[in-house]
Amino acid sequence: MKNIIAMIGAAAVALTLSVPGAFAAEEMAAQPTHFPMEEPVEQDWSFAGPFGKYDKGQLQRGLKVYTEVCSACHSLKRVAFRNLEELGYSEEQVKSFAAQYDIEDGPNADGEMFTRPGLPADHFPGPYANEEQAKAANNGAVPPDFSLIAKARGVERGFPQFIFDIFTQYQQGGPDYIHALLTGFGQEPPAHLAVPEGLHYNPYFGAGVALAMAQPLYGEDVTYDDGTPSTLDQEARDVAAFLMWAAEPSLAERKEMGFRVMIFLVVFSIFLYIAKKQVWSRVEH
Amino acid sequence: MSSLEHHGTYTPTSGIGKWIDARMPLPRLMYDSFVAYPVPRNLNYAYTFGGILSLMLVAQILTGVVLAMHYTSDTGLAFTSVENIMRDVNHGWLLRYMHANGASFFFFAVYLHIFRGMYYGSYKAPRELLWILGCIIYLLMMATGFMGYVLPWGQMSFWGATVITGFFTAFPVIGDPIQQFLLGGYAVDNATLNRFFSLHYLLPFMIAGVVVLHVWALHVTGQTNPTGIEVKSKTDTVAFTPYATVKDSFAMMVFFAIFAYFIFYLPNYLGHPDNYTEANALVTPAHIVPEWYFLPFYAILRGITFNIGPIDSKLGGVLAMFGSIAVLFVLPWLDTSKVRSADYRPWYKLFFWIFVADAIFLGWLGSKPAEGVYTSLAQIATAYYFIFFLIILPVLGLIEKPRRLPNSITEAVLERNRASGAQQVTGSAAASPENRG
Amino acid sequence: MTSDETTRRDFIYVATGMLGVVGVAGLAWPFIDQMRPDAAVRAAGQPVEIDVSSVEPGSAIIVTWRGKPYFVRRLTDAEITAASGVTVDQMKDPQPADQRIGGPADEAKKDWVVVAANCTHLGCIPKVVDSGADGWHCPCHGSVFDFTGRILHGPAPINLPQPPHVFASDTNLIIGTDTAGA
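Notes on the structure in this doc start here.

Rules used in this analysis
Residues numbered from 1 in each chain as written. Chains lettered and ligands numbered in written order. Predicted model: local features only at pLDDT ≥ 70, side-chain atom pairs only at ≥ 80, totals over all residues. Heavy atoms only, no water. Pairing = 2+ DSSP bridges. Helix = DSSP H or I, 4+ residues; strand = E, 2+ residues; numbered from the N terminus. Axes fitted to C-alpha atoms, helices over the stretch in contact; angles between N-to-C directions. Phe/Tyr/Trp six-rings, centres within 6.5 Å; stacked < 30°, edge-to-face > 60°. Buried < 20%, exposed > 50% of the residue type's maximum accessible area, 1.4 Å probe, protein only. Lys NZ or Arg CZ within 6 Å of the ring centre and 35° of its normal. Contact = heavy atoms within 4.5 Å. Buried area = accessible area lost by both parts, 1.4 Å probe. Salt bridge = Lys/Arg side-chain N within 4 Å of Asp/Glu carboxyl O. Polar contact = N/O pair within 3.5 Å; in protein donor to acceptor, adjacent residues only side chain to side chain.

**Topic: the sheet that holds strand E9 (residues 165–167) of chain C**
Residues and elements named next belong to chain C.
- Spatial ordering of the open sheet is given by E1-E10-E9, a layout of 3 strands whose pairing is antiparallel. At either end of the open sheet lies a strand with only one pairing partner, and these are strand E1 (48–51) and E9. Between one strand axis and the next, the sheet turns through 20 degrees on average, direction left out of account.
- As defined by bridge partners, E9 adjoins strand E10 (residues 172–175) across 3 bridges and the pair is classed as antiparallel. Paired with phenylalanine 167 across the strands is leucine 173, a residue of E10.

**Quick word on the packing of aromatic side chains**
- Considering all chains together, one arrives at 70 aromatic pairs over all chains under this definition.
- An angle of 75 degrees between the planes, with centres 5.1 Å apart, marks the rings of phenylalanine 158 of chain B and tryptophan 159 of chain B as edge-to-face. Pair check on accessibility: phenylalanine 158 of chain B and tryptophan 159 of chain B agree, each one buried.
- Stacked on the ring of tyrosine 224 of chain A, the Lys or Arg arginine 61 of chain A has its end atom at 5.7 Å from the ring centre.

**Structural notes on the interface of chain A and chain B**
- With 55 residues of chain A in contact, the opposing surface of chain B contributes 63 residues.
- Counting the surface lost from both chain A and chain B, the interface buries some 5400 Å², and carbon and sulfur atoms represent 64% of this.
- If you sort the residues of chain A by the area they bury against chain B, Arg78, Glu284 and His285 of chain A come out on top, with a joint share of 15%.
- Counting the contacts that link chain A with chain B gives 3 salt bridges.
- A salt bridge links glutamate 278 of chain B to arginine 78 of chain A; the nearest nitrogen and oxygen atoms lie 3.3 Å apart.
- Linking chain A with chain B are 20 residue pairs in polar contact (both at pLDDT 80 or more).
- Of all the elements in the fold, those that place two or more residues in the side of chain A that touches chain B are helix H1 (2–29), helix H5 (149–152), helix H6 (161–168), helix H8 (232–247) and helix H9 (251–280) of chain A.
- Counting residues per element, the side of chain A that touches chain B draws most heavily on H9 of chain A, which supplies 17 residues.

**Digging into the interface of chain C and chain A**
- Counting residues at the interface gives 16 residues for chain C and 15 residues for chain A.
- The contact between chain C and chain A buries some 1300 Å² in all, and 70% of this surface belongs to carbon and sulfur atoms.
- Per-residue buried area on chain C facing chain A is highest for Tyr13, Thr16 and Leu19 of chain C; these three make up 38% of the total on that side.
- In this structure, the connection of chain C to chain A is made through 0 salt bridges.
- Applying the counting criterion to the chain C and chain A interface returns 1 residue pair in polar contact (both at pLDDT 80 or more).
- Taken together, the elements giving at least two residues each to the side of chain C that touches chain A come down to helix H1 (3–33) and helix H2 (39–43) of chain C.
- Considering each element in turn, the side of chain C that touches chain A owes the most residues, 11 residues, to H1 of chain C.

Set out below in structure tokens:
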């Protein structure tokens, strides 16, 4: 009986392993149903791993790409100007940065809304007054808010990758996805693929064969203050890092605190283990 | 505590101690329950999850209470208030990640606790009530976990709530009214969010209440142990303090170290990216998946794709899913074997481990899209789940020939140590820890 | 068992216990820290600028800064005279009137009073009574302040505090800072 069970087990394992392959073969022929069609390439990020922290220069470059390109359509409503101090700007720089924006405030004593220069406590104003306006300006597709986009996007890792991820601490699916998407435009779609009218083919897009957004970055879109050449790859990388910061500003603090907590827990566990050994040495168990 | 012998008795020495003891003997109860309480001397680390779970419950309540100080249960503000916690509240990110990952680790511990109970036959007479109380705790945990997942008001929150309350629409006639009753409307909306918040705050305290009953029942019958033989004499046991306390503490710290690893380095590993997008009633995410701890049941739900007589596939799936939990309640009467521990039941041991693998496999299937070969595999795995409980357990108890049982816990311990030649403690002290003083 | 061994064992137990105490204390901190005002609240406490051109002598407006109300009152000549006439023995918290009356830097005449609108007893908002030196009367427990916010009698122990403030121009008052142009 044991042999029979072992055989069933082996068959089940074999079947499971062959499943993804079988699906892949099917997908080649027909219109794909699972997205993205191509997995993003994993990039090196300064904030990856147990000692990761943001590269402030990179975040400042990413902010520039966001403000000069992305912000035309995408809001960043959960980030306040005061948060930009975390990018290495001084209080004064943040104040003058915020003052460039017009913030709607009010009503005043006459019951009218008015605009005033932004203050550090204000949040980034969005490009559209409301969702309907955003829809109308973009052929019915609302450009998503960018405050959490780096955590709201990711790729399915699948077995056994998701087990390795525990040990490699892979949490960079979002920035990898953003980088891949931004650099993935402009490719010729395979002949058998039907790309809907008005959409733009991108094999890295997570929800279909093509998306409403046209290629936003081509390289040389911004001039970096620190002289870094603004290639497409560099811009995509910088803005992805910036968006990761926007989504998870506490990342560096978290990892730093984590290191101290882990050391404490390991030391405490060792002491408890020795104490346990001592207590139990009095009795056979 | 009839058959159980205590290690020492509570004798208040100070005047205040005596004064309190005469009026409300709470210190005496604590002493009897957590100091002198006898535990089998052969418990292994699988028996530490009860303590870990108690601590996790406390941790969840503490982090939950402080999160509720900053959370707003309004559909327009819920998502923003959670982001306020993550960005602006002092250490808010830490508290939220502790709470969110704490739910996962709570379930992780409870699954190991349940599997331990199944392996060592902890549900068998006279511990049926103890087991059923545990099942009730598990049910309450599921309700709490589900409602807690709705509160951040992300896409998965919204659509998870829609799908799970949709289970009830499977029942003919009464289904739709039940769903509307649960939601407080025709769809998941503000009324739903508010009542879920209220209940999510309430249920953990009900869990705590049932935990007290669970521990009470445990202290009446005493713990099982890896041999499955009842405690017969004082030499079979050691005092809860310091023996069990120090061992439980060590296990807790190891557990907490893993927990902390996730909080600090993989805080979103167990979550779903879609829940970082605010709920939108007009857009369904590409793949709706529940939290990982519900995945096996989700696979069972989706596995029933065929009608069974008058029961259509939708109702069949819901019934199978509820049935997969309900079957746990009657487990004490499904297992016909007189032997408790799987250590002495070679065949049960085998089927048990297949069951564990089957449950994990179902969980993996639950995370996959419900199509093609995944559905067939889910059906096979679901079949084994029910066959294990409804056929294998009753039949196996009648036909299986168990291995020879030792006469007592002490004998089992000494026998094993002699065989392995490990850790010899000299003289009579080996047999009785009490002689050592 | 030798005494050395005993010492080593005790050390382990004591050290383990100490580590436990440290751990609990460390864990408690985030739970305490989260009670403090969060970053958004702290940032919102920045100065507010108010147009006070509509405030005539003898009237007041209430302005909110950091969620708390402040009286911005313009005194009449009679009120200034009454306030200046208050003697030291009439006051519980003596302070000269001219320290509490201000105005735009380039105006010769000082007739503005900017004080907290919460009574220094237990925080209610006093009402205007305007009889002689009495300016505000707190309805909760009967404290009486003059129009410069000095406590005259009643349970309140000290004068109504003056927030940091400055006139950016003749008509614009900034509460929350005392340096113009910030």
